Amino acid sequence: MDHDPKVVLMGEDIGALGGVFRVTDGLQKDFGEDRVIDTPLAESGIVGTAIGLAMRGYRPVVEIQFDGFVFPAFDQIVTQLAKMGNRSAGRVRLPVVIRIPFGGGIGAVEHHSESPESYFVHTGGLRVVTPSTPEDAFWMVQQAVACPDPVVFLEPKRRYWDKGEVPEGAVLRSPGDAPRPFGAAHVARPGADVTMLCYGPMVRTCLAAAEAAAADGTADIEVVDLRSLSPLDLPTVMASVRRTGRAVVVHEAPTTLGLGAELAARVQEGCFYHLEAPVLRVGGFSAPYPAAKIEDEYLPDLDRVLDAVDRVLAH
Amino acid sequence: MPDTDVGPAGSPDRAAHVDREADTMIQMLTPEGERPEPTGAALEYAAYVEDVTDDDLRGMYRDMVIVRRFDAEATALQRQGELGLWASLLGQEAAQVGSGRALRPQDFAYPTYREHGVAWCRGVPPTALLGLYRGASLGGWDPAEHGFALYTIVIGSQTLHATGYAMGVQRDHAVGTGEPDRDAAVIAYLGDGATSQGDVSEALVFSAVYNAPVVFFCQNNQWAISEPNTRQTRVPLFKRSSGFGIPGVRVDGNDVLATLAVTRAATERARSGGGPTFVEAYTYRMGAHTTSDDPSRYRIAAEVEEWKLKDPIARVKAYLARSGAADEDFFAEVEAEAKQIATELRVTCRALPDPPPESMFDDVYAEPHAVLDAEREEYLAYRAGFADDTEEVRT
């Protein structure tokens, strides 16, 4: 915000309160109410006015309070925000970032634990990214703000409490300043036997599973943190699966038509002769997100991930 | 107002109740083409058109005739298969030209899909408007160049964009400076049906609480496709905004002078920092909703006949003729010019090139998107395969 006076933040309770997760803590005090805008409680209104601000030359960074509250804004995101660049033949660019705390695992009430990424990945014109570590979050949010395209920035909410080193005060002045390109996947743990494709909150779970499998000698798992869901970094995915010959996709979102479906299709197209086993998916069920007391049964955990690893290795 | 005033949903009583408010409507030019001394509410707006000369009125007449002729030509082009669809503005010329002429170059307008008259006032080439309806384009003009956003088809969405743009105007300190070339207003066009959309209510909330320099210009043309406005509202639409803290005014939308005055007042208020205004331009959609529609299924011919007597162009012509501000030569010249524009439009419409198929991949993203870029390459390779086949057949 220091670097670019056109960056404005918008959202519910992001000012004095600093947002319900305190992500914008202190920013209104530093930058004033014109740049850190507490909005009325209307998500379509937030995104719709962000579009107008972007048309006037601003770079709005919008906070949707929780994943389950993004749907009132769905029309503005899908019908307006995503399409404007194409329908205007590139004359109108909307560099809007939509930050959404997403995913479960924090014992929340309903509509506070959802994983809506597929809706947005399905929509041409949007970029969809999600960090898995504090350091990645630090750089990726700056890359998202600098990006001339609309970005849906998914923040794994149960990882808000993770601690990690960040280069405090470092400012992204050109895309090359960040350690990793915006749209690139990252091999978070190299391995030889199985490729585990995951993103956001599941990266930590998959890394733990890989360590467990290594400890008991079951398998040497390679964990690929996708980071960008639109576009997918398919070359990195393919290179890994060609090495290991086996792939498991893990996400919290329902398995039906989730990113796992897309990745399984892409992998069988791109790595058909390298595959030793069918691509397996571990995800949420095709039911509404359950009550918090049983959410651990819904969410992929270490055991469900390792069960899938056993099954791909059995081939 | 008390509920006892109104009958059950859809009853004639309710329609009558809505219509009773017509006497609060700002009018400066009667359907007979008379320009009476302004009284009552109209008096408040008279100052905004004091400087309007006969030349200006002739100019507005010209705009309206050209726009009507252009609109008729577009309808004909649709019937001939040159356009996939057309949304006619027939009957709404005064509302659009009056409000369009109230705008300054630095102002910004957010249209629906029917604002051809406003587009004309903003200098958008008519052929560019046809591209969308021909299926040759999804947009077709540069919004920044004309201060005129792309047409919006999903009802009401643009009212939020207008409000956001107006919030940007505020942040640019282009409100209330008193500099005539700096202070800007934003105008959002919407219809009576759109007032039922949640986005419109949200736009009213946002613009009110931020005091944004935006004018909501609602053309109440009485019909949302087949639904009369008794299916949208229990109160006159201009009263809708007062609950949001936004003043509302109803103007005779078939009166170009009154529309100009009321829009000038509202945009001036916005530019000076006075905040949003809701204008209801009371008018009538003389034609179908679009060329795909058949209004004879839902409305009676007598209603259309009644509105013909309030024609927005006839009254200006009557005034110009009666006051001696224009003669037969002038009217003939305007007709000839409109005919010429329509002829040219026919030619330029047919000449609009089909976009190359691979252009569907263009400008989706400002920066490379690996997955889409790969799809484009695969598609081009697939197409190239057919080119080889064709050559083989030829040789």
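Please refer to the structure placed before this passage.
Let me begin by describing the structure that accompanies this report. (Residues numbered from 1 in each chain as written. Chains lettered and ligands numbered in written order. Predicted model: local features only at pLDDT ≥ 70, side-chain atom pairs only at ≥ 80, totals over all residues. Heavy atoms only, no water.)

**Examining a negative patch on the surface**
Residues and elements named next belong to chain A.
Okay, so step 1: Where like charges cluster on the molecular surface, the negative patch consists of Asp-296, Glu-297, Asp-301 and Asp-303.
Okay, so step 2: Residue placement: Asp-296 occurs in helix 10 (residues 295-298).
Okay, so step 3: On the accessibility criterion, Asp-296 (55% relative accessible area) is exposed. (Patch = residues over 30% accessible without salt bridge, like charges linked within 9 Å, V, L, I, M, F, W, Y side chains within 5 Å. Areas by Shrake-Rupley, 256 points an atom, 1.4 Å probe, with all protein chains shown as cover. Salt bridge = Lys/Arg side-chain N within 4 Å of Asp/Glu carboxyl O. Lys, Arg positive; Asp, Glu negative; His and termini not counted. Charge placed at Lys NZ, Arg CZ, Asp CG, Glu CD. Helix = DSSP H or I, 4+ residues; strand = E, 2+ residues; numbered from the N terminus. Buried < 20%, exposed > 50% of the residue type's maximum accessible area, 1.4 Å probe, protein only.)

**Let's talk about the interface of chain A and chain B**
Okay, so step 1: Counting residues at the interface gives 47 residues for chain A, matched by 44 residues for chain B.
Okay, so step 2: When chain A packs against chain B, the two sides together hide about 3,500 Å² of surface, and 56% of this comes from carbon and sulfur.
Okay, so step 3: Sorting the residues of chain A by area buried against chain B places Arg-56, Asn-86 and Arg-87 of chain A first, and these three jointly supply 20% of that buried surface.
Okay, so step 4: Taken together, chain A and chain B are joined by 5 salt bridges.
Okay, so step 5: A salt bridge links Asp-172 of chain B to Arg-56 of chain A, with the shortest nitrogen-to-oxygen separation between them at 2.7 Å.
Okay, so step 6: Here chain A and chain B share 25 residue pairs in polar contact (both at pLDDT 80 or more) between them.
Okay, so step 7: Secondary-structure elements contributing two or more residues to the side of chain A that touches chain B are strand 2 (36-38), helix 2 (43-55), helix 3 (74-81) and helix 4 (84-87) of chain A.
Okay, so step 8: The element contributing the most residues to the side of chain A that touches chain B is helix 2 of chain A, with 10 residues.
Okay, so step 9: For the side of chain A that touches chain B, the class distribution of residues is 17 nonpolar, 17 polar and 13 charged. (Contact = heavy atoms within 4.5 Å. Buried area = accessible area lost by both parts, 1.4 Å probe. Polar contact = N/O pair within 3.5 Å; in protein donor to acceptor, adjacent residues only side chain to side chain. Nonpolar A, V, L, I, M, F, W, Y, C, P; charged D, E, K, R; others polar.)

**As for the sheet that holds strand 3 (residues 59-63) of chain A**
All names here are of chain A.
Okay, so step 1: An order of 2-1-3-4-6-5-10 is seen for the 7 strands of this open sheet, with the pairing classed as mixed. Bordering the open sheet on either side are strand 2 and strand 10 (228-230), each of which pairs with just one other strand. In this sheet, neighbouring strand axes are inclined to one another by 20 degrees on average, regardless of whether the strands run parallel or antiparallel.
Okay, so step 2: Of the pairings in the sheet, the one linking strand 1 (residues 7-11) to strand 2 comprises 3 bridges and is parallel in character. If you follow Leu-9 over to strand 2, its bridge partner there is Val-36.
Okay, so step 3: Relative to strand 6 (residues 151-156), helix 6 (residues 134-146) is tilted by about 165 degrees, and along the sheet it contacts strand 1, strand 3, strand 4 (97-102), strand 5 (127-129) and strand 6. (Pairing = 2+ DSSP bridges. Axes fitted to C-alpha atoms, helices over the stretch in contact; angles between N-to-C directions.)

**Focus on the pairing of strand 3 of chain A**
All names here are of chain A.
Okay, so step 1: Counting buried positions over the 5 residues of strand 3 gives 5, a clear majority of the element.
Okay, so step 2: Residues Arg-59, Val-61 and Glu-63 line one face of strand 3 and the alternating positions Pro-60 and Val-62 line the opposite face, and both faces are buried.
Okay, so step 3: In this sheet, strand 3 lies alongside strand 1 in parallel orientation, the contact comprising 5 bridges. Looking at strand 3, one finds that Met-10 is bridged to Val-62.
Okay, so step 4: As judged from the 3 bridges shared by strand 3 and strand 4, these two strands associate in the parallel manner. Within strand 4, the residue paired with Val-62 across the bridge is Ile-98.

**Some thoughts on the nonpolar core**
Okay, so step 1: Counting 78 residues, the largest nonpolar core has Met-55, Val-62, Ile-77, Leu-94 and Ile-98 of chain A together with Phe-216 of chain B as its most contacted members.
Okay, so step 2: Examining the composition of this core, we find that 7 residues originate from one element, helix 2 of chain A, more than from any other.
Okay, so step 3: When near neighbours in sequence (up to four residues on either side) are disregarded, Leu-94 of chain A contacts Ile-51, Ala-54, Met-55, Gln-80, Leu-81, Met-84, Pro-148, Asp-149 and Pro-150 of chain A.
Okay, so step 4: In terms of nonpolar packing, the next biggest core, distinct from the first, is built from 67 residues, Leu-132, Val-215, Leu-257 and Ala-261 of chain B among them. (Core = buried A, V, L, I, M, F, W, Y, C linked by side-chain atoms within 4.5 Å.)

**What about the environment of Arg-56 of chain A?**
Okay, so step 1: Within the secondary structure, Arg-56 of chain A is located in the loop between helix 2 and strand 3.
Okay, so step 2: Residues Arg-56 of chain A and Cys-198 of chain A lie 142 residues apart in sequence; the distance between their C-alpha atoms is 37 Å.
Okay, so step 3: For Arg-56 of chain A, the contacting residues outside a window of four places in its chain are Tyr-165, Gly-168, Val-169, Asp-172 and Ala-174 of chain B.

**Comments concerning the packing of helix 3 (residues 54-79) of chain B against helix 11 (residues 256-271) of chain B**
How two helices pack is summed up by the angle between their axes together with the distance between the axes.
Residues and elements named next belong to chain B.
Okay, so step 1: Running from N to C, helix 3 and helix 11 cross one another at 105 degrees; their axes reach a closest spacing of 11 Å. Classified by the interaxial angle, the pair formed by helix 3 and helix 11 is roughly perpendicular. Contacts between helix 3 and helix 11 involve Leu-57, Met-60 and Met-64 on the former and, on the latter, Val-256, Leu-257 and Leu-260.
Okay, so step 2: Of the residues assigned to the contact of helix 3 with helix 11, the class counts are 6 nonpolar, no polar and no charged. (Parallel < 35°, antiparallel > 145°, perpendicular 65-115°, else oblique.)

**Description of the side chain of Gln-222 of chain B**
Residue and element names in this part refer to chain B.
Okay, so step 1: Mapped onto the secondary structure, Gln-222 falls in the loop between strand 3 (214-220) and strand 4 (223-224).
Okay, so step 2: Within the local environment of Gln-222, its side chain forms a polar contact with the backbone oxygen of Thr-283, the two atoms lying 3.1 Å apart.
Okay, so step 3: If sequence neighbours within four positions are ignored, Gln-222 has contacts with Asp-192, Glu-227, Pro-228, Asn-229, Tyr-282, Thr-283, Tyr-284 and Trp-307.

**A few points about the packing of helix 3 of chain B against helix 13 (residues 312-323) of chain B**
Residue and element names in this part refer to chain B.
Okay, so step 1: Between helix 3 and helix 13, whose axes approach to 10 Å, the crossing angle comes to 145 degrees. In terms of crossing hand, the pair formed by helix 3 and helix 13 is left-handed. Between helix 3 and helix 13, the contacting residues are Asp-54, Leu-57, Arg-58, Tyr-61, Met-64, Val-65 and Arg-68 on the first element and Pro-312, Ile-313, Val-316, Lys-317, Tyr-319 and Leu-320 on the second.
Okay, so step 2: Tallied by class, the residues present in the contact of helix 3 with helix 13 amount to 9 nonpolar, no polar and 4 charged. (Left-handed = near helix turned anticlockwise from the far one by under 90°.)

**Some details on the sheet that holds strand 1 (residues 108-110) of chain B**
All names here are of chain B.
Okay, so step 1: Pairing is parallel across the open sheet formed by 5 strands, whose spatial order is 1-2-3-7-6. Either end of the sheet is taken by a strand with one partner, and the two such strands are strand 1 and strand 6 (248-252). Each strand axis lies, on average, 20 degrees off the axis of its neighbour in the sheet, ignoring direction.
Okay, so step 2: Here strand 3 pairs with strand 7 (residues 277-282) via 6 bridges, running parallel. In the sheet register, Cys-218 faces strand 7, and the bridge partner there is Glu-280.
Okay, so step 3: Where helix 4 (residues 93-100) meets the sheet, it contacts strand 2 (186-191), strand 3 and strand 7, and its direction lies at approximately 165 degrees from that of strand 3.

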